[in-house]
Amino acid sequence: MDILDNVAEFQEDEISALQRSRHILDRTLWRRSIRQFDPQRKVDTHVIENAIRVAMKSPSGANQEPWLFGVIDCPDLKIKIRRAAEVVETNFYDNLAPIEMLDALKLLNTNSDKAHLEDASHLVVIFSEIYSLNHSNEKQKNYYSKESVCIATGMLISALTYSGIWTLTHTPQPAGFLNQILNVEPRLKPVLILACGYPAQDLKLPNLNKKEFNDVCFFNIHKKTERIQQT
Ligand SMILES: Cc1cc2nc3c(=O)[nH]c(=O)nc-3n(C[C@H](O)[C@H](O)[C@H](O)COP(=O)(O)O)c2cc1C
């Protein structure tokens, strides 16, 4: 076993864990997804880069780090991505989406217009590496790549939120157009586009109900709540 350098890097200081946890809670409680970005306001690319460095610290199955982050701030590329996404989204809303899903989405008032892809300061396209290639160019399966990429994405969103950046998690289906536009090999599957930026002046947020802490967390033994049986 090698010496655990990281342990030596971690410095305990006078700020307690409780103080830190309150600070991160205060700095992230405001988080919401936005669909209207201010096209004039750019995020410092270093902020995006630092957030990706946080995401890179994510745990990953068998340490395979099965992620690739594509950062796009070139206006022409953003327009290209928007156009391609709107083609698949139009087909999704018109032909593919099950009625129940369209019903569930109604409260968000979303449609095939994806202006955020053009207006957001940066798009981070997150790819999941289903398998890697060894030195002999043989395929090596990556374990838990989906879970690992999801955890890394959560860390990325937390870091951006902590830094005051607003985001939208966008999952166009199918998303293969991103491989073509960004020149990424097909063994890397695009999982989502994270649009990052600042809100437009006329930002409107859907009024969503959120669960309470006790609805989503239990300590030790779960207390089952009675549910009305559907007949
Ligand atoms: C896995 C995942 C996929 C999502 N895909 C989309 C999407 O394709 N388009 C969109 O407008 N919002 C998408 N969202 C955002 C959700 O609609 C949003 O998080 C949810 O309505 C809760 O709102 P909030 O983020 O403001 O709390 C997605 C969120 C997640 C976690």
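Let me sum up the structure you'll find in this document. Remember, predicted model here, so these are calculated numbers, not experimental data.

1. Considering the overall build of the chain
Next, step 1: Check the secondary structure of the chain and you find 9 helices and 6 strands.
Next, step 2: Summarising its shape, the C-alpha atoms of the chain cover approximately 55 × 55 × 45 Å along the three principal directions.
Next, step 3: Per-residue burial for the chain yields a buried fraction of 23% across its 231 residues.
Next, step 4: Taking contacts inside the chain between residues at least 6 apart in sequence as the whole, the part at least 24 apart equals 84%.

2. Things to note about the site of the ligand
Next, step 1: Within the structure, the ligand sits among Arg32, Ser33, Arg35, Leu108, Thr110, Leu168, Thr169, His170, Thr171 and Leu208.
Next, step 2: The residue makeup of the shell around the ligand, split by class, is 3 nonpolar, 5 polar and 2 charged.

3. Some words on helix α3 (residues 45-55)
Next, step 1: Those residues of α3 not exposed but buried are Ile48, Ala51 and Ala55. Summarising the axial view, the buried residues of α3 lie within an arc of 65 degrees, below the 170-degree limit, and thus occupy one face. Turned more than 90 degrees away from the buried face of α3 sit His46, Glu49 and Arg53, all of them exposed.
Next, step 2: As for α3, its buried residues are in contact with β1 (67-72), β2 (122-129), α7 (145-162) and β6 (188-197).

4. Focus on the environment of proline 172
Next, step 1: Structurally, the position occupied by proline 172 is in the loop between β5 (166-170) and α8 (177-182).
Next, step 2: What makes proline 172 buried here is the crowd of 21 C-beta atoms within 10 Å.
Next, step 3: Separated by 86 residues in sequence, proline 172 and glutamate 86 place their C-alpha atoms 8.8 Å apart.
Next, step 4: Contacts of proline 172, omitting those with residues within four sequence positions, involve Ala85, Val88, Glu89 and Ile193.

5. What about the sheet that holds β2?
Next, step 1: An order of β1-β2-β6-β5 is seen for the 4 strands of this open sheet, with the pairing classed as antiparallel. The sheet terminates laterally at β1 and β5, the two strands that pair on one side only. On average, adjacent strands in this sheet sit at an angle of 25 degrees to one another, irrespective of strand direction.
Next, step 2: When β2 meets β6, the two strands line up antiparallel, connected through 8 bridges.

6. Brief notes about helix α2 (residues 17-28)
Next, step 1: When the terminal C-alpha atoms of α2 are compared, their 16 Å separation across 12 residues agrees well with the 16 Å that a helix rising 1.5 Å per residue should span.
Next, step 2: Along α2, only 0 of the 12 residues are buried, which leaves the element largely exposed.

7. Regarding the packing of α3 against α7
Next, step 1: Axis separation between α3 and α7 bottoms out at 8 Å; the angle between their running directions is 140 degrees. When the axes of α3 and α7 are compared, the pair comes out oblique. Note on packing geometry: the crossing formed by α3 with α7 is right-handed. For the pair α3 and α7, the contacting residues are Ala51, Ile52, Val54 and Ala55 in the first and Ala152, Met155, Leu156, Ala159 and Leu160 in the second.

Cut-offs applied
Residues numbered from 1 in each chain as written. Predicted model: local features only at pLDDT ≥ 70, side-chain atom pairs only at ≥ 80, totals over all residues. Helix = DSSP H or I, 4+ residues; strand = E, 2+ residues; numbered from the N terminus. Buried ≥ 20, exposed ≤ 12 C-beta atoms within 10 Å, placed from the backbone. Contact = placed C-beta atoms within 7 Å. Near = placed C-beta within 6 Å. Nonpolar A, V, L, I, M, F, W, Y, C, P; charged D, E, K, R; others polar. Arc of directions from axis to C-beta. Pairing = 2+ DSSP bridges. Axes fitted to C-alpha atoms, helices over the stretch in contact; angles between N-to-C directions. Expected span 1.5 Å × (residues − 1). Parallel < 35°, antiparallel > 145°, perpendicular 65-115°, else oblique. Left-handed = near helix turned anticlockwise from the far one by under 90°.

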